[in-house]
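A structural walkthrough
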Amino acid sequence: MSARRTPGPYPLVLLLVLTLCTACTSGPALENRDAVTVPPGDSHELSIGSAGFTESELLAQMYAALLGAAGYQTDIVTVGNRELYEPALEAGQIDVVAEYAATFADWLNAKEKGPHAAPVAAPDLGTTMAALRRLAAPRGLTVLAPGRAVDRNAFAVSAAYAAEHRLRTLSDLGRAKLPVRLAAGDECVRRPFCAPGLKKTYGIEVTAIDPKGVGTTPAKQAVQDGQDQMVLTTGTDATLDRFGLVLLTDDKKLQNADYVVPVVNRARAGSARAAAALNRLNAVLTTADLADLDEQVDSWRRLPADVARNYLKSKGLLTEKER
């Protein structure tokens, strides 16, 4: 069963902004934790969230197809960033989202304890998952098993800029004391692994955030054209060469290895049936697969829905009837 798309994401995004604006910063009161830790539910209709960048769109499409094959009615809701889609996930307006374990653990921790909270994610996956589940459960969220695919934030500059200033690492950029205009999502200004982390760990002065999104074509073009000096992308971005960009090595390991992990609203999608459908992807999707899928969309201009379903077919995860 294919995913049912709404006529467009914008009315839904507007609705979420209007109804969840207070939750964007605070979430459920922690004294009400027992109220949001409810028994697992199994709604027949499920909304899968996408953060609007290529990889998130692909994962949402694959989740929708697998849940559709398991008998659910699905639609995909595109919401621009975690500050919006996470409260929507808690509220049951989005039921399933693909997350990144380390980043999400530290984001939830900062949401609970404030922006200066010490990180809870670690290089060890078990430690990270334990912290993530501890933080997610009181908010009515269930974190399923992580898959094999790993991604992380990465930062790229133009090859010419790197050669001019002899840059190979983020430490090199910090030592150069160059002002940096960064193409990224607007949330980068407060994310601990984005602008604040670049300043704290590397001494990089981010003078402005150009809100063009994470690894989007306009963001990379802005660096290619010299409008911005650096772009926030991901480690699976296979299009950097096309824009004349090179990654700067995260030599002080600001970014944790982020395993792809499904997160669901427990009350609506916490059943064993939904988990089993999503876990089918975890068993086969690798980091190399994810990079290849991203490239098919970003470089070959294929539709995320087509790329996602072709991949599932190639792995035997959709039957002829479901195709």
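Residues numbered from 1 in each chain as written. Predicted model: local features only at pLDDT ≥ 70, side-chain atom pairs only at ≥ 80, totals over all residues. Heavy atoms only, no water.

Topic: the state of the cysteines
For clarity, the threshold we go by: Any two cysteine sulfur atoms lying within 2.5 Å of each other are counted as a disulfide. Buried residues are those whose accessible area, probed at 1.4 Å on protein chains only, stays under 20% of the maximum for their type, while exposed residues exceed 50% and partly exposed ones sit between those limits.
Taken as a whole, this structure holds one disulfide when the rule is applied. Disulfide pairing is shown between C188 and C194; the S-S distance is 1.8 Å. The S-S bond linking C188 to C194 shows a torsion near -85°; that makes this disulfide left-handed. With relative accessibility at 2%, the residue C188 sits in the buried group.

Details of the confidence of the model for the protein
To be explicit about the condition: Confidence scores here are pLDDT values: one per residue, from the predictor, ranging 0 to 100. We call two residues contacting when some pair of their heavy atoms lies within 4.5 Å.
When pLDDT is averaged along the protein, the result is 88; 87% of the residues meet or exceed 70. Every residue in residues 1–35 scores below 50 in pLDDT, and together they form 59 contacts with partners more than four places removed in sequence or on other chains.

What to know about the side chain of T234
Cut-off, in case you're wondering: A run of DSSP states H or I qualifies as a helix once it reaches four residues; a run of E qualifies as a strand once it reaches two. Both are numbered from the N-terminal end. Within 3.5 Å is the distance limit for a polar contact, defined as a pair of N or O atoms, with the added protein rule that one can donate a hydrogen and the other accept it, and that residues adjacent in sequence qualify only through two side-chain atoms.
When you line up the elements, T234 lands in strand β10 (residues 230–234). Residue T234 is classed as buried on the basis of its relative accessible area, which comes to 14%. Polar contacts involving the side chain of T234 include one to the side chain of D151, which spans 3.5 Å. Ignoring any residue separated from it by four or fewer positions in sequence, one finds T234 in contact with E55, D151, R152, A154 and V214.

Brief notes about helix α13 (residues 287–298)
Side chains that are three or four residues apart share a direction in an α-helix, a result of its 3.6 residues per turn. Put simply, the test is: Take the residue count of a helix, subtract one, and multiply by 1.5 Å to get its expected span.
For α13, built from twelve residues, the straight-helix expectation of 16 Å at 1.5 Å per residue is met to within 8% by its first-to-last C-alpha distance of 16 Å. By the burial criterion, the buried members of α13 are D289, L290, L293, D294, Q296, V297 and D298.

Focus: the packing of helix α5 (residues 101–113) against helix α6 (residues 125–136)
What counts, and what does not: Each axis is a line fitted through C-alpha atoms, and for a helix only the stretch in contact is used; angles between axes span 0 to 180 degrees, taken between their N-to-C directions. Roughly parallel here means an angle under 35 degrees, roughly antiparallel means over 145, roughly perpendicular means 65 to 115, and every remaining angle is called oblique. In this scheme the crossing of two helices becomes right-handed for a clockwise turn of the near helix relative to the far one and left-handed for an anticlockwise turn of less than a right angle. In this classification, the charged set is Asp, Glu, Lys and Arg, the nonpolar set is Ala, Val, Leu, Ile, Met, Phe, Trp, Tyr, Cys and Pro, and all remaining amino acids, among them Gly, are polar.
Between α5 and α6, the least distance of the axes is 9 Å, while the angle of their chain directions is 40°. In terms of their interaxial angle, α5 and α6 are classed as oblique. Crossing handedness for the pair α5 and α6: left-handed. Contact residues: A101, A102, F104, A105, L108, N109 and E112 in α5; T128, M129, L132, L135 and A136 in α6. Residue composition of the contact of α5 with α6, grouped by class: nine nonpolar, two polar and one charged.

Side note on the nonpolar core
What counts here: Side-chain atoms within 4.5 Å are what join buried Ala, Val, Leu, Ile, Met, Phe, Trp, Tyr and Cys residues into a set we call a nonpolar core.
In terms of nonpolar packing, the biggest core is built from 61 residues, with L59, M62, L67, L132, L281, L285 and L312 touching the most fellow members. Broken down by element, the residue count for this core peaks at nine residues, all from helix α3 (residues 54–69). When near neighbours in sequence (up to four residues on either side) are disregarded, M62 contacts L281, L285, L293, A308, Y311 and L312. Counting 23 residues, the second largest nonpolar core, distinct from the first, contains Y161, L167, L198 and I204.

Observations regarding the pattern of salt bridges
Definition in use: We define a salt bridge as a contact between a side-chain nitrogen of Lys or Arg and a carboxyl oxygen of Asp or Glu at a distance within 4 Å.
This model, assessed by the stated rule, comprises 14 salt bridges. The partner of K199 in a salt bridge is E205, with the nearest N and O atoms 2.3 Å apart. Note that D210 is salt-bridged to K212, the shortest N-O span being 2.8 Å. The buried category is assigned to D210, whose relative accessible area is 5%. One salt-bridge network, in which partners are shared between bridges, spans E86, E90, K111 and R139.

A few points about the pairing of strand β4 (residues 96–100)
To be explicit about the condition: When DSSP finds at least two bridges between two strands, those strands are taken to pair.
Summarising burial for β4: five of the five residues are buried, a large majority. As paired elements, strand β2 (residues 45–50) and β4 share two bridges and run parallel to each other. If you follow G49 over to β4, its bridge partner there is V97. Sheet topology note: the β4/strand β12 (residues 258–265) ladder contains five bridges and is antiparallel. Bridging across to β12, Y100 finds its partner in V260.

Overview of the layout of surface pockets
Selection criterion: Every definition here rests on a 1 Å grid over the protein atoms only: cavities are sets of points where a 1.4 Å probe fits but cannot get out, pockets are open sets enclosed by protein on both sides within 12 Å along at least five of seven lines, and lining residues have some atom within 4 Å of a point. Grid points are joined across faces, edges and corners, and a volume is the space filled by probe spheres set on the points.
Roughly 700 Å³ of internal volume is contained in the largest pocket. If you trace the largest pocket, you find 23 residues lining it, with A110, P115, R190, R191 and P192 closest to the centre. At the level of elements, α5 and α9 (195–202) are the ones that each hand at least two residues to the lining of the largest pocket. Per element, the largest residue contribution to the lining of the largest pocket is five residues, and it comes from α5. Of the residues assigned to the lining of the largest pocket, the class counts are eleven nonpolar, six polar and six charged. Its boundaries defined by the atoms lining it, the second largest pocket holds a volume of some 590 Å³. Every residue lining the second largest pocket is counted, 35 residues in all, and those nearest its centre are F53, R82, E187, R191 and V214. Counting only elements with at least two residues in the lining of the second largest pocket, the list comes to α3, α4 (82–91), β4, α5 and β10. If you tally residues by element for the lining of the second largest pocket, the top one is β4, at four residues. Among the residues forming the lining of the second largest pocket, the class breakdown is 15 nonpolar, ten polar and ten charged.

Observations concerning the side chain of N282
Within the secondary structure, N282 is located in helix α12 (residues 272–282). In this structure N282 comes out as buried when scored by relative accessible area, which is 10%. Beyond its immediate chain neighbours, meaning those up to four positions away, N282 contacts A145, P146, G147, R148 and P262.

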